[in-house]
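# A structural walkthrough
Spelled out from the first residue to the last, the chains are:
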Amino acid sequence: MEEQSEKYLFEEMPVPRAVATLAIPTVISQVVTMIYNLTDTFFIGQIGDPLMVAAVSLVSPWFNLLTALGNLFGLGGSSLISRLLGAQNHKDVKYVAAFSVWGGAAATVIFSLATYLFRGPLLAFLGASPDTYSYAEDYLVWVVVLGGVPTMVSLTLGHLLRSEGHARQASAGMMFGGILNVVLDPVLIFGLHMEVAGAAIATAFSNAASVVFFVACYLRLGEKTAISLNPVYFTFRFIRQIFSVGLASALATALGNASNMVMVRLASGYGDIPVAAYGIVKRIDQFPLNVSMGLCQGFMPLVGYNFASQNYQRMRKVSTFSWKVALILSACFIACFAIFAPQLLHLFIPEEETSTLGAAFLRIACLAVPLTSVNFLISYTLQAMGKGAQSAALTFSRQGLLNIPLLMVMNLVFGLYGMIWTQLVVEVIMLPVSLGMYLHTFRRLESGGKQDP
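Predicted, not measured: the structure shown is a model, and the values here were computed from it.

### Focus on the overall build of the protein chain
- If you tally the helices and strands in the protein chain, you get 17 helices and zero strands.
- Projected onto the principal axes, the alpha-carbon positions of the protein chain cover approximately 60 × 45 × 35 Å.
- Residues counted as buried form 59% of the 453 residues belonging to the protein chain.
- By sequence separation, contacts in the protein chain at least 24 residues apart represent 84% of the contacts at least 6 residues apart.
- With an accessible surface of roughly 17400 Å², the protein chain has 68% of that area assigned to carbon and sulfur atoms.
- Counting 25 positive and 23 negative side-chain charges, the protein chain places the averaged centre of each group 15 Å from the other.

Spelled out as structure tokens, the structure:
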């Protein structure tokens, strides 16, 4: 019954309903995840000290590199699993899953250890001032050094669950951790007067709790899942196929965070207030992008499965429907941010100078959201098809060739506000390139032969 239900979902269910079945739980989990990411900034902001907010903003891009590792192993593995299932190859799934989980955990241990050993020069590079250094160090040690492995493993386990169509369980795990973080933040920050360290401990503990939840989900699924977490199935046999897709997504996340690091570093030249304002705006502006990310992660199993089974028309319908939904949602977010920017910023930090500057930043930054969403969706569509090289080329062009150099140029020419406009300029340039890459790839599929998973 379970197999028949999954087969109907992937092959026959009407496209809007199929996308909704997988994407709605994922979008909800992304929204909850975003809320708990916002809670650190929100509750710390209520203290009214811009230096604490600036410290969290400085560390956030480095912390988000854990998402890059989660995408490298988790998204790469889940994309391959979806294609294996579409090709009716169930026996290799457990080997892919074991490598994704245990290989990712080992890589994160190395990343966390290196972060601890080089935390001094790292924080200086990120732009920590003497006033923000101690706060930034506390946050870095808890969320990356001690909380790195559970954060990465939680992301990976969620991706693997979605690859088989278990979107509700994956979303529930992320929501569980998110709700726990929202509860713990005020208790540790205000109740126990731990301030920045309290927010960091809440995040690390919540991600560890998500891992426990996901493991329980796999134990309950039992025979209903082909995925195995048993380390005896660990093998390097599928590393090329996993990394060929995972590297594209990891590169997107890593370069995106590199851009944020450059932006924060340049903004720190104007003082700690612009860093705090930009940090809050980036968290708020990330909200619609996380919705698009949830949509991406929801439709990826559908795209991967139908790509492997060569049902290209259904695959294309899934993609185009998702793009339309993303554009409609993005337009709603732009209207909301443009109207309520001052109120939103004041909600996060009731300090006049920071909230006023941040409101101006938000009204500019939100204009790029629709184009960013479509560029994301195209890149994730290519990854789901196993076209990691094409997706990586788009990502490198967008972030490496355009965004980082333009940030420096716009700062030199137009100053602080010029950097805020940079994202919109980049997305306008990249949209026709992304569409051209997707259409070229799809035409080759329709005229080509059988594809390997």
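### What about the packing of helix α9 (residues 167-191) against helix α10 (residues 195-221)?
- Relative to each other, α9 and α10 sit at 155°, their axes nearing to 8 Å. By the criterion of interaxial angle, the relationship of α9 to α10 is roughly antiparallel. In this structure, the crossing between α9 and α10 has a hand that is right-handed.
- Of the residues contributing to the contact of α9 with α10, the split by class is 17 nonpolar, eight polar and two charged.

### Focus on the environment of Q286
- Among the secondary structure elements, Q286 is positioned in helix α12 (residues 272-308).
- Sequence-wise, Q286 and A20 are 266 residues apart; in three dimensions their C-alpha atoms are separated by 22 Å.

### Thoughts on the nonpolar core
- Within the largest apolar cluster, 135 residues are counted, with the highest numbers of intra-cluster contacts made by I44, W62, I81, Y139, M315 and F361.
- Non-local contacts of I44, meaning those with residues more than four positions away in its chain, are made with T39, M52, V53, V56, I189, V196 and A199.

### Focus on helix α14 (residues 352-365)
- For α14, spanning 14 residues, the distance from its first C-alpha to its last is 20 Å, which sits close to the expected 20 Å at 1.5 Å a residue.
- Within α14, the full set of buried residues consists of T354, S355, L357, G358, A359, F361, L362, I364 and A365.

### Some details on the pattern of salt bridges
- For the coordinates displayed, the defined rule picks out four salt bridges.
- Across the pair D92 and K91 runs a salt bridge whose closest N-O atoms are separated by 3.6 Å.
- The buried category is assigned to D92, whose relative accessible area is 8%.
- The class for K91 is exposed, based on a relative accessible area of 57%.
- Three or more residues are tied together by salt bridges with common partners; here these are K91, D92 and R237.

### Some words on the side chain of S379
- Inspection of the secondary structure assignment puts S379 in helix α15 (residues 369-384).
- According to the relative accessible area criterion, S379 is buried, its value standing at 8%.

### Some details on the side chain of D92
- Mapped onto the elements of the fold, D92 is located in the loop between α4 (65-86) and α5 (93-117).
- Residues within four places of D92 in sequence aside, it is in contact with L84, R237 and F238.

### Describing unusual backbone geometry
- For H193, which is not a glycine, the phi torsion comes out positive at approximately 55°.
- Note on placement: H193 falls in the loop between α9 and α10.
- On the accessibility criterion, H193 (65% relative accessible area) is exposed.
- One non-glycine residue, Q310, adopts positive backbone phi at about 65°.
- Examined against the element boundaries, Q310 turns out to sit in the loop between α12 and α13 (312-348).

### What to know about the state of the cysteines
- As enumerated under the stated definition, the model contains zero disulfides in all.
- No disulfide involves C336; its sulfur sits 9.3 Å from that of C332, the nearest cysteine.
- Overall, the relative accessible area of 32% leaves C336 in the partly exposed class.

### A look at empty space enclosed by the protein
- A full pass over the atoms with the stated rule returns three cavities of 30 Å³ or more.
- Taken together, L75, S78, S79, S82, H159, R162, S163, Q297, M300 and P301 make up the lining of the second largest cavity.
- Counting residues per element, the ones that place at least two in the lining of the second largest cavity are α4, α8 (148-163) and α12.
- Broken down by element, the lining of the second largest cavity gets its largest block of residues, four residues, from α4.
- Its residues assigned to classes, the lining of the second largest cavity comprises three nonpolar, six polar and one charged.

### Re helix α7 (residues 133-146)
- Its 14 residues give α7 an end-to-end C-alpha distance of 18 Å, which sits within 8% of 20 Å, the value for a rise of 1.5 Å per residue.
- Maximum bend of α7: about 30°, positioned at L140.
- Residues of α7 that are buried: A136, Y139, L140, V141, V143, V144 and V145.

So, how was this worked out
- Residues numbered from 1 in each chain as written.
- Predicted model: local features only at pLDDT ≥ 70, side-chain atom pairs only at ≥ 80, totals over all residues.
- Heavy atoms only, no water.
- Helix = DSSP H or I, 4+ residues; strand = E, 2+ residues; numbered from the N terminus.
- Buried < 20%, exposed > 50% of the residue type's maximum accessible area, 1.4 Å probe, protein only.
- Contact = heavy atoms within 4.5 Å.
- Areas by Shrake-Rupley, 256 points an atom, 1.4 Å probe, with all protein chains shown as cover.
- Lys, Arg positive; Asp, Glu negative; His and termini not counted.
- Charge placed at Lys NZ, Arg CZ, Asp CG, Glu CD.
- Axes fitted to C-alpha atoms, helices over the stretch in contact; angles between N-to-C directions.
- Parallel < 35°, antiparallel > 145°, perpendicular 65-115°, else oblique.
- Left-handed = near helix turned anticlockwise from the far one by under 90°.
- Nonpolar A, V, L, I, M, F, W, Y, C, P; charged D, E, K, R; others polar.
- Core = buried A, V, L, I, M, F, W, Y, C linked by side-chain atoms within 4.5 Å.
- Expected span 1.5 Å × (residues − 1).
- Salt bridge = Lys/Arg side-chain N within 4 Å of Asp/Glu carboxyl O.
- Disulfide = S-S within 2.5 Å.
- 1 Å grid on protein atoms, 1.4 Å probe; cavity = no way out; pocket = protein on both sides within 12 Å on 5 of 7 lines; lining within 4 Å.
- Points joined across faces, edges and corners; volume = space filled by probe spheres on them.
- Bend = angle between axes of the 7 residues up to and from the residue.

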